[in-house]
Amino acid sequence: MNHLANSTSPYLLQHANNPVDWYPWGTEALQKAKAENKLIIVSIGYSACHWCHVMEHESFEDESVAGVMNQYFVCIKVDREERPDIDQIYMSAVQLMSGRGGWPLNCICLPDQRPIYGGTYFRKNDWASLLFNLADFYKQKPAEAEDYAVKLTEGIQNFETIDFIKEQPEYAKEDLQMIVENWKKYFDPEEGGMGSAPKFPMPNNWQFLMRYSYLMNDADITQNVMLTLKKMAFGGIYDHIGGGFARYSVDGRWHVPHFEKMLYDNAQLISLYSEAYTWKSSQLYKQVVDEIINFSIRELSSPDGGFYSALDADSEGVEGKFYTFTKAQVETILGDEADLFCIYYHITEDGNWQEEHTNVLFRQEKDLQLANKLGLPLELMMEKIEESKKKIFYARNQRIRPGLDNKILASWNGLMLKGLCDAYRTFNEHDYLDMALKNADFIVRYMVNEDGRLSRTYKGVDNNSIAFLDDYANVVDALVALYEVTFDEQWLEHARGLADYAIAHFYDPASGIFYFTADADEQLIARKSEIMDGVIPSSNSVMARNLKRLGLLFDDEEYHEISDQLLRNVMPHMAKYGSSYSNWAMLLLDEIFGVYEVAITGDNYEEMRLEIEKKYIPNKIILGGKKGSLPLLQEKFSDKTQIFICKDKTCSLPVYNSNDAVKQINSKILL
């Protein structure tokens with residue numbers, strides 16, 4: 001056993017029996033490197049990462065390779081999900097060196113942590129050769145190594161930095177059109193999504209484009225969003241038997257996934273498909289939401305209300321083995337019903353995933369289209385398919401399961417809480433709300449300390465881990481969403497407390513941006529900010545949108561000023577590559593079209609809230625109840641149930657039914 005044996009991270013524990021003398025990141029390893037003047041290997045990954053497993057098996061389990069690593073280096077293993085601050089720094093280094101990134105991430109650093117070389121996956125022989133060369137280079141040419149480190153560290157410190165913009169510009173629809181016009185070049189008009197292969201779901205991209213298409217009345221964007229939502233849900237990236245999405249597809253048509261299932265993807269996809277249902281009312285969207293939630297509760301939920309991080313891509317050492325079927329296996333399970341099931345999910349004798357001679361289930365035709373083609377009544381066909389799915393699900397559950405990463409992360413639980421609130425907002429399924437309340441209670445009870453500071457990870461004991469800006473941002477976002485579906489102001493108070501803590505400890509007024517780490521956290525070789533949106537929206541963009549809403553709800557000018565400053569700083573960069581600024585673009589939508597504050601007061605507030613939620617109004621916040629202390633609610637309570645539509649510190653006269661309220665909003669949109 002190496003120094004990882006006492007870790008709580010599943011990823012680190014996977015490496016605890018390697019012959020490599022791994023250390024966790026910390027004082028012991030860093031001091032050892034300095035004392036022995038050894039280069040550091042910082043190897044970063046996560047438990048569900050397929051190529052991390054491959055490199056471990058090929059190199060880190062090999063005695064000869066481990067011997068080289070142990071002799072010449074101090075070897076540090078990092079779980080990127082526990083320490084995204086470390087990952088952010090060394091990912092920047094690798095992107096500067098190679099123009100690309102990914103995991104496993106391997107950086108070779110001087111004894112003071114500054115990198116001199118790095119990359120992602122290395123084959124065994126390449127890795128061993130590289131290590132010999134670098135060890136010799138450092139011994140023979142330490143001055144050159146120092147020069148590399150100086151230049152690379154300077155690049156890391158300047159990577160993804162933006163200027164402070166003092167003057168407030170006038171935002172206009174033309175700004176949005178410029179962002180989207182440049183973005184359109186990357187759309188795939190045949191298969192949906194962007195680019196060719198690999199393809200990632202990118203939920204926030206499509207949420208922005210959905211809102212843009214509606215508010216800007218852009219029919220072309222509408223079609224592209226609908227195509228993408230359908231293709232993703234029909235593709236093999238979606239688990240048609242057990243629900244939930246894999247992380248990405250390795251091809252350009254959503255067919256063969258990289259099979260790991262991440263909480264953060266599925267949480268955001270709940271929000272995306274829920275909002276899409278309010279927009280277009282497709283039963284496919286409803287089915288996807290329900291199946292993702294069922295999957296998440298069944299396979300990712302902890303007994304006390306938290307959600308685990310991920311399911312591995314591999315089982316029995318084979319990627320996707322748990323999820324794929326040969327035609328013979330399907331025939332054994334289903335007997336006479338196999339033919340229809342194989343047609344429905346395109347299962348073939350040779351395998352539709354031909355490289356592995358097996359099948360990844362996917363769809364192409366709509367149900368009615370296929371039923372007509374086969375000459376079957378639609379209802380009968382769907383009954384047979386549903387019955388077959390249950391049998392396949394049962395048979396699949398007898399297999400050896402993929403590994404579970406049972407870390408509970410504040411940031412990702414915030415995303416899941418938001419997803420559950422969005423699903424309840426759309427479908428009024430009380431089970432969704434019950435799950436949301438249980439999760440919110442878990443976060444507040446176990447992940448917020450007495451001083452109002454978040455812990456990033458919950459481990460059942462010693463919940464004192466440092467948290468990062470994404471933890472605060474995503475939990476605040478979720479708690480505001482929970483208020484909007486309950487009108488229980490305790491959730492807003494919790495959100496405000498966390499937002500105030502983030503402003504006090506993460507915000508830099510001089511640069512007008514939030515750092516990713518708090519002022520009292522461990523000082524690494526650079527203190528970075530997260531600006532660009534990726535598979536998860538950046539922590540700065542989420543905080544900017546949070547403060548916009550909190551500013552409206554609490555009538556707080558400081559929140560507005562910080563949100564405005566953040567958007568001003570980022571605005572000059574947005575038109576270049578919209579996909580990397582989609583969450584910022586949603587804030588820009590709100591700035592240009594305004595945000596409607598819908599206040600509902602009186603005994604029947606819940607009935608009115610549900611009616612309002614059935615209408616697609618993407619640029620609104622909703623508040624109210626029988627009582628409330630929020631500034632906008634003052635002097636708005638009476639014996640009657642009333643709806644007030646407010647905007648720009650002005651409220652219209654109250655109305656007494658949802659139709660009249662929506663008419664007021666629509667008339668303002670038209671203006």
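Throughout what follows, the structure given in this document is the object of discussion.

Parameters at a glance
- Residues numbered from 1 in each chain as written.
- Predicted model: local features only at pLDDT ≥ 70, side-chain atom pairs only at ≥ 80, totals over all residues.
- Heavy atoms only, no water.
- Pairing = 2+ DSSP bridges.
- Helix = DSSP H or I, 4+ residues; strand = E, 2+ residues; numbered from the N terminus.
- Contact = heavy atoms within 4.5 Å.
- Axes fitted to C-alpha atoms, helices over the stretch in contact; angles between N-to-C directions.
- Salt bridge = Lys/Arg side-chain N within 4 Å of Asp/Glu carboxyl O.
- Buried < 20%, exposed > 50% of the residue type's maximum accessible area, 1.4 Å probe, protein only.
- Disulfide = S-S within 2.5 Å.
- Phe/Tyr/Trp six-rings, centres within 6.5 Å; stacked < 30°, edge-to-face > 60°.
- Lys NZ or Arg CZ within 6 Å of the ring centre and 35° of its normal.
- Core = buried A, V, L, I, M, F, W, Y, C linked by side-chain atoms within 4.5 Å.
- Patch = residues over 30% accessible without salt bridge, like charges linked within 9 Å, V, L, I, M, F, W, Y side chains within 5 Å.
- Areas by Shrake-Rupley, 256 points an atom, 1.4 Å probe, with all protein chains shown as cover.
- Lys, Arg positive; Asp, Glu negative; His and termini not counted.
- Charge placed at Lys NZ, Arg CZ, Asp CG, Glu CD.
- Parallel < 35°, antiparallel > 145°, perpendicular 65-115°, else oblique.
- Left-handed = near helix turned anticlockwise from the far one by under 90°.
- Expected span 1.5 Å × (residues − 1).

1. Focus: the sheet that holds strand 17 (residues 596-601)
Then comes step 1: One open sheet accounts for four strands, arranged 18-17-19-20; its pairing is mixed. Pairing within the sheet leaves two strands with one partner each, and these edge strands are strand 18 (620-625) and strand 20 (650-651).
Then comes step 2: Of the strand pairs in this sheet, strand 19 (residues 642-647) and strand 20 are connected by two bridges, and their pairing is antiparallel. Residue K647 lies in a different strand from strand 20, and its bridge partner there is T650.
Then comes step 3: Set on the sheet, helix 24 (residues 605-613) makes contact with strand 17, strand 18 and strand 19; between it and strand 18 the angle comes to about 165°.

2. Side note on the pattern of salt bridges
Then comes step 1: Counted under the stated rule, the structure contains 46 salt bridges.
Then comes step 2: In this structure, the salt-bridge partner of K32 is E36, at a minimum N-O distance of 2.8 Å. On the criterion of helical spacing, the pair formed by K32 and E36 is a turn pair, its members being four residues apart in helix 2 (residues 27-36).
Then comes step 3: Residue class for K32 comes out partly exposed when judged on its relative accessible area of 23%.
Then comes step 4: Between D367 and R363 there is a salt bridge, and its shortest N-O distance comes to 2.8 Å.
Then comes step 5: Salt bridges here are not isolated pairs; linked through shared partners, they connect K418, D422, R425, D477, E484, R549, E606, R609, E613 and K620.

3. Regarding the state of the cysteines
Then comes step 1: As enumerated under the stated definition, the model contains two disulfides in all.
Then comes step 2: Disulfide pairing is shown between C646 and C651; the S-S distance is 2.0 Å. Between C646 and C651, the disulfide has an S-S torsion of 105° and is therefore right-handed.
Then comes step 3: Residue class for C646 comes out buried when judged on its relative accessible area of 0%.
Then comes step 4: When the bonded cysteines of the protein are counted from the start of the sequence, the pairing works out to 1-2, 3-4.

4. Topic: the packing of aromatic side chains
Then comes step 1: Within this structure, the stated rule accounts for 33 aromatic pairs.
Then comes step 2: Ring geometry for Y72 against F132: centres 6.1 Å apart, planes inclined by 65°, an arrangement best described as edge-to-face. You can see Y72 sitting in helix 4 (residues 63-72) and its partner F132 sitting in helix 6 (residues 124-140), a full 60 residues away along the chain.
Then comes step 3: On the accessibility criterion, Y72 (33% relative accessible area) is partly exposed.
Then comes step 4: Look at F245 and Y273: their rings are 6.0 Å apart centre to centre, the planes differ by 20°, and that puts the pair in the stacked class. Highlighted residues: F245 in the loop between helix 10 (219-234) and strand 6 (248-249) and Y273 in helix 11 (residues 263-280), separated in sequence by 28 residues.
Then comes step 5: Among the aromatic residues, those joined into a ring-pair cluster are W22, F60, F122 and W127.
Then comes step 6: Here the guanidinium or amino end of K280 rests over the ring plane of W279, the centre of that ring lying 5.3 Å away.
Then comes step 7: Here R399 stacks its cationic end above the ring of F325, 4.0 Å away from the centre of that ring.

5. Some details on the nonpolar core
Then comes step 1: Formed by 190 residues in total, the largest nonpolar core has its most connected members in M69, W127, F208, Y273, F514, M574 and W584.
Then comes step 2: The element that contributes the greatest number of residues to this core is helix 19 (residues 469-486), accounting for twelve residues.
Then comes step 3: In contact with F514, other than residues within four places in its own chain, are L469, A502, I503, F506, Y507, S529, N540, M543, L547, I562 and L566.

6. Here we look at the side chain of H50
Then comes step 1: Locating H50 in the fold gives a position in helix 3 (residues 50-60).
Then comes step 2: Apart from the residues lying within four places of it in its own chain, the contact partners of H50 are H258, E260, A313, D314 and E319.

7. A closer look at a negative patch on the surface
Then comes step 1: On the surface, E331, D336, D339, E349 and D350 cluster together into a patch of negative charge.
Then comes step 2: Take E349: it is sitting in the loop between helix 14 (338-345) and helix 15 (367-374).
Then comes step 3: By relative accessible area, which is 58% here, E349 ends up exposed.

8. Re the sheet that holds strand 1 (residues 22-24)
Then comes step 1: Here five strands make up an open sheet; going across it, the order is 1-3-2-4-5 and the pairing mixed. Single-partner strands in this sheet number two, and they are strand 1 and strand 5 (115-119). Each strand axis lies, on average, 25° off the axis of its neighbour in the sheet, ignoring direction.
Then comes step 2: Its contacts with the sheet put helix 2 on strand 1, strand 2 (39-45) and strand 3 (73-79), and the angle it makes with strand 3 is roughly 155°.

9. Re the packing of helix 11 against helix 17 (residues 410-427)
Then comes step 1: The N-to-C vectors of helix 11 and helix 17 enclose an angle of 20°; their axes lie 8 Å apart at closest approach. Judged by the angle between their axes, helix 11 and helix 17 are roughly parallel. Regarding helix 11 and helix 17, the two cross each other, and that crossing is left-handed. Contacts between helix 11 and helix 17 involve L263, Y264, A267, Q268, I270, S271, S274, E275, Y277 and T278 from the first element and W412, N413, L415, M416, K418, G419, L420, D422, A423, T426 and F427 from the second.

10. Some words on the pairing of strand 19
Then comes step 1: Where burial is concerned, most of strand 19 is hidden: six out of the six residues are buried.
Then comes step 2: Two successive antiparallel strands, strand 19 and strand 20, enclose a turn made up of two residues, where D648 displays a positive phi of approximately 55°.

11. Some thoughts on the pairing of strand 2
Then comes step 1: Among the seven residues of strand 2, seven are classified as buried, and the element is accordingly described as predominantly covered.
Then comes step 2: Across seven bridges, the pairing between strand 2 and strand 3 is parallel. Paired with I40 across the bridge in strand 3 is V74.
Then comes step 3: Where strand 2 meets strand 4 (residues 105-109), five bridges bridge the pair, whose relative direction is antiparallel. Within strand 4, the position partnered with I40 by the bridge is C109.

12. A word on helix 18 (residues 430-446)
Then comes step 1: Taking 1.5 Å of rise per residue, the 17 residues of helix 18 would be expected to cover 24 Å, and the 24 Å separating its terminal C-alpha atoms lies within 8% of that figure.
Then comes step 2: Within the span of helix 18, buried status applies to Y432, L433, M435, A436, N439, A440, F442, I443 and V444.
Then comes step 3: Looking at the packing, one finds that the buried side of helix 18 touches helix 12 (283-300), strand 13 (408-409), helix 17, strand 14 (457-458), helix 19 and helix 20 (489-506).

13. Focus: helix 19
Then comes step 1: A rise of 1.5 Å per residue sets the reference length of helix 19, with its 18 residues, at 26 Å; its end C-alpha atoms lie 26 Å apart and thus fit the reference within 8%.
Then comes step 2: In the stretch just after helix 19, F487 is the one whose phi turns positive, near 55°.

14. Comments concerning unusual backbone geometry
Then comes step 1: The step from W103 to P104 runs through a cis peptide bond, and the omega angle for that step is 5°.
Then comes step 2: In this model, A197 is joined to P198 through a cis peptide bond whose omega is -5°.
Then comes step 3: If you trace the backbone, P198 turns up in the loop between helix 8 (173-184) and helix 9 (203-215).
Then comes step 4: The phi angle at Q113 is positive, at roughly 85°, despite the residue not being glycine.
Then comes step 5: Along the chain, the position of Q113 falls in the loop between strand 4 and strand 5.
Then comes step 6: Positive phi, normally seen in glycine, also occurs at D648, with a value near 55°.
Then comes step 7: Checked against the element boundaries, D648 lands in the loop between strand 19 and strand 20.
Then comes step 8: Judged by its relative accessible area of 62%, D648 is exposed.

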